[in-house]
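# Geometric and topological summary
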Amino acid sequence: MLHHLVFTVLFLLGLYTVIYKNNLIKMVIGLNIMEIAVFFWVIAVSDTGKSVPIYHLNKFAASFNDPVPQALTLTGIIIGASTTALLLTFIIELNKFADTIDSNKLEGLNE
Amino acid sequence: MKKFLVGLLFIGLAFLLLINFAELPEEKLITFSLSDYYIGFGLEQTGALNLVTAILYDYRGFDSLGESTVIFAAVSGIVLILSRKMLPVSSHGLSFIVKRTLGILTPFIALFSLYVITHGHLTPGGGFQGGVILAAISIIFSIVYGSAFDYKRYSPELKTTFETGGALVFIIIGGLGILFDGFFLDNLDFLTHSPGTLISAGSIPLINIGIGFKVGAGLAIVFYSMIQKTFGEEF
């Protein structure tokens, strides 16, 4: 199945970014890529080729796609946006104090 | 050597994931799942045509309350960290043509966001989605007209009022559910008109309006705090 493959590639790409990159903003971008991979996978798996889970006024279609994963994904997107904003805020403050956003050049964290 | 080992680890992880996916069952194992219940009884129990909205604001309304609390906490943290001074620090904005064009376009963006918010139970959309469009207006003001214009039109106090007000609307409607039906966040059925009209689905549109203003104001606050601190020394 194609979406399993796409999920694997996207997720590992995000994991690679989080592990290998030293720039903190790139790490946040990697986290977001992993997040989006999961959302994509949940939506793609729940899609069975039926119509969207919204009733039409005149014709009441009987078969819908599963609405529960879509609601969960909406929740996840909101949480992801909040955490991303908070992480970027921490990076802004860190840049003000340490004058760098490179995780290798941060001093005073080792001892 | 270390890179090689980590690459091997990644390939192994990919292999394991794909094996796991190959084991997934093709057909449904449960004959009557929760989703079938929502699809079967969602319209007659909530009156909302959009089943995703019905789940988010009726069946799982308490989860949405927690979700908006997460946004509230994130915005509070960002404001606490970033804004030591709430002064308007402005750029000059973009060129005259961009300003005029967005002056014409902005009312329509506001109209669209209000449409998405208020029709959340009928069409795709809802409070969260419309709120993000609402926040886009404030971001456009900050970028195109300069953040002093944004400060004058929508001051941080006004945004804070909208944010807390939206959260309060949500909690008050939940409390009214206790008062009338006996359960927190129960659907206020006496507001329900026939399904498919704008005033239907009980308390879902009201919660949508509260959430929409809350999310819009929250994201506008986040953007305003970041831009103020980041460009504070240059202008």
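What you are looking at is a predicted structure, and each value in this text was computed from that prediction instead of being measured. (Residues numbered from 1 in each chain as written. Chains lettered and ligands numbered in written order. Predicted model: local features only at pLDDT ≥ 70, side-chain atom pairs only at ≥ 80, totals over all residues. Heavy atoms only, no water.)

## Digging into the overall build of chain B
Selection criterion: Only DSSP runs of H or I covering at least 4 residues are called helices, and only runs of E covering at least 2 are called strands; the numbering of each starts at the N terminus. The atom set for the radius of gyration is the C-alpha atoms, and the globule formula is 2.2 Å times the number of residues raised to the power 0.38.
Along the backbone of chain B there are nine helices and zero strands. Along its sequence from the N terminus, chain B presents helices and strands in the succession α-α-α-α-α-α-α-α-α. A compact globule built from 235 residues would reach a C-alpha radius of gyration of about 18 Å, whereas chain B, at 23 Å, exceeds it by more than 25%. On the principal axes, the C-alpha backbone points of chain B span a range of 70 × 65 × 35 Å.

## Focus on the packing of helix α2 (residues 34–46) of chain B against helix α3 (residues 51–59) of chain B
Residues and elements named next belong to chain B. Here is the rule we go by: Angles shown run from 0 to 180 degrees and are taken between the N-to-C directions of axes, each axis being a line fitted to C-alpha atoms and, for helices, limited to the stretch in contact. To sort the angles, those under 35 degrees are grouped as roughly parallel, those over 145 as roughly antiparallel, those from 65 to 115 as roughly perpendicular, and the leftovers as oblique. Contacts between residues were defined by any pair of non-hydrogen atoms, one from each residue, lying within 4.5 Å. The residue classification treats Ala, Val, Leu, Ile, Met, Phe, Trp, Tyr, Cys and Pro as nonpolar and Asp, Glu, Lys and Arg as charged. All others, Gly included, are polar.
Orientation of α2 relative to α3, taken along the N-to-C sense of each, is 70°, at an axis distance of 10 Å. Between α2 and α3, the angle falls in the class roughly perpendicular. On α3, the residues touching Tyr37, Tyr38, Ile39, Phe41, Gly42, Leu43, Gln45 and Thr46 of α2 are Leu51, Ala54, Ile55, Asp58 and Tyr59. Residues belonging to the contact of α2 with α3 are distributed by class as follows: nine nonpolar, three polar and one charged.

## A few points about the side chain of Asn65 of chain A
What counts here: Here's how the labels work: a residue is buried when its accessible area is under 20% of the maximum for its type, exposed when over 50%, partly exposed in between, all with a 1.4 Å probe on protein chains only. For this analysis, a polar contact is any N or O atom pair within 3.5 Å, provided that within protein one partner can donate a hydrogen and the other can accept it, and provided that sequence-adjacent residues contribute only side-chain to side-chain pairs.
Among the secondary structure elements, Asn65 of chain A is positioned in the loop between α2 (24–46) and α3 (67–98). Overall, the relative accessible area of 7% leaves Asn65 of chain A in the buried class. For Asn65 of chain A, the side chain forms a polar contact with the side chain of Asp47 of chain A, separated by 3.2 Å. Discounting residues that sit within four places of it in the chain, Asn65 of chain A has contacts with Ser46, Asp47, Thr48, Gly49, Lys50, Ser51, Pro53 and Gln70 of chain A together with Ile39 of chain B.

## Points about helix α6 (residues 127–145) of chain B
Selection criterion: Helices are assigned an expected span. That span is 1.5 Å times one less than the residue count.
Helix length check: α6 of chain B (19 residues) gives 27 Å between terminal C-alpha atoms against 27 Å at 1.5 Å per residue, within 8%. Following α6 of chain B by one or two positions, Gly146 of chain B adopts a phi angle in the positive range, close to 90°.

## Remarks on the layout of surface pockets
Cut-off, in case you're wondering: Only protein atoms enter the 1 Å grid used here. Points where a 1.4 Å probe fits but cannot escape make up a cavity, open sets with protein on both sides within 12 Å along at least five of seven lines make up a pocket, and a residue lines them when an atom lies within 4 Å of a point. Grid points are joined across faces, edges and corners, and a volume is the space filled by probe spheres set on the points.
One number sums up the size of the second largest pocket: a volume of about 340 Å³. Along the wall of the second largest pocket there are 20 residues; nearest its centre are Ala81 and Ser82 of chain A together with Val132, Val215 and Leu219 of chain B. Of all elements in the fold, only α3 of chain A together with α4 (61–82), α6 and α9 (204–230) of chain B reach the threshold of two or more residues within the lining of the second largest pocket. Ranked by residues supplied to the lining of the second largest pocket, first place goes to α3 of chain A with six residues. When grouped by side-chain class, the residues that make up the lining of the second largest pocket number 17 nonpolar, three polar and no charged.

## Considerations on the interface of chain B and chain A
Defined as follows: Joining two parts hides part of their accessible area as seen by a 1.4 Å probe, and the buried area is that hidden amount summed over both. Any Lys or Arg side-chain nitrogen found within 4 Å of a carboxyl oxygen on Asp or Glu counts as a salt bridge.
Tallying the contact residues gives 39 residues for chain B and 36 residues for chain A. In this assembly, chain B packs against chain A so that about 3400 Å² is buried in total across both faces, 80% of it on carbon and sulfur atoms. In terms of surface lost to chain A, no three residues of chain B exceed Phe10, Phe21 and Ile39 of chain B, which account for 17% of the buried area on that side. Linking chain B with chain A are zero salt bridges. If you look at where chain B meets chain A, you find one residue pair in polar contact (both at pLDDT 80 or more). Secondary structure elements with two or more residues in the side of chain B that touches chain A: α1 (2–22), α2, α3, α4, α6 and α9 of chain B. Partitioning the side of chain B that touches chain A into residue classes produces 28 nonpolar, seven polar and four charged.

## Examining a positive patch on the surface
We count it as follows: Think of a patch as exposed residues, more than 30% relative accessible area, with no salt bridge, where like charges cluster within 9 Å and nonpolar side chains (Val, Leu, Ile, Met, Phe, Trp, Tyr) cluster within 5 Å. Note that accessible areas follow from Shrake-Rupley with a 1.4 Å probe, and for residues the cover is restricted to the protein chains shown. Asp and Glu count as negative and Lys and Arg as positive, but His and the ends of the chain are not part of the count. Think of each charge as sitting on NZ of Lys, CZ of Arg, CG of Asp or CD of Glu.
A cluster of basic residues, Lys21 and Lys26 of chain A together with Lys2 and Lys3 of chain B, forms a positive patch on the protein surface. Counting through the fold element by element, Lys21 of chain A comes out in the loop between α1 (2–20) and α2. Judged by relative accessible area, Lys21 of chain A falls into the partly exposed class, the value being 32%.

## Things to note about α3 of chain A
Residue and element names in this part refer to chain A. The end-to-end C-alpha distance of α3 is 46 Å, a good match for the 46 Å that 32 residues give at a rise of 1.5 Å each. Capping the start of α3, Asp66 holds a side-chain oxygen 3.3 Å from the backbone nitrogen of Val68, two or three residues further along. A positive phi of about 65° marks Asp99, the residue just after α3.

## Quick notes on unusual backbone geometry
Of note in this structure, Asp99 of chain A is not a glycine but carries a positive phi near 65°. Mapped onto the elements of the fold, Asp99 of chain A is located in the segment after α3.

## So, the confidence of the model for chain B
All names here are of chain B. The condition is simple: On a range of 0 to 100, pLDDT expresses the predictor's confidence in each residue.
Mean pLDDT over chain B works out to 82, with 92% of the residues at or above the 70 mark. Put simply, helix α7 (residues 147–153) is where chain B has its lowest mean pLDDT, 76, and helix α5 (residues 96–118) is where it has its highest, 91. Two summary scores accompany this predicted model of the complex, namely pTM at 0.83 and ipTM at 0.82.

## Looking at the nonpolar core
In a soluble, globular protein the nonpolar side chains are often hidden away together inside. Formally: Buried residues of nine kinds, namely Ala, Val, Leu, Ile, Met, Phe, Trp, Tyr and Cys, make up a nonpolar core once their side-chain atoms join them within 4.5 Å.
Tyr57, Phe128, Ile207 and Ile211 of chain B are the most contacted members of the largest nonpolar core, which totals 29 residues. Mapped onto this core, the elements with two or more residues apiece are α3 of chain A together with α3, α4, α8 (156–181) and α9 of chain B. Per-element accounting of this core gives the leading share, seven residues, to α9 of chain B. In contact with Ile211 of chain B, other than residues within four places in its own chain, are Tyr57, Ser68, Gly127, Phe128 and Phe170 of chain B.

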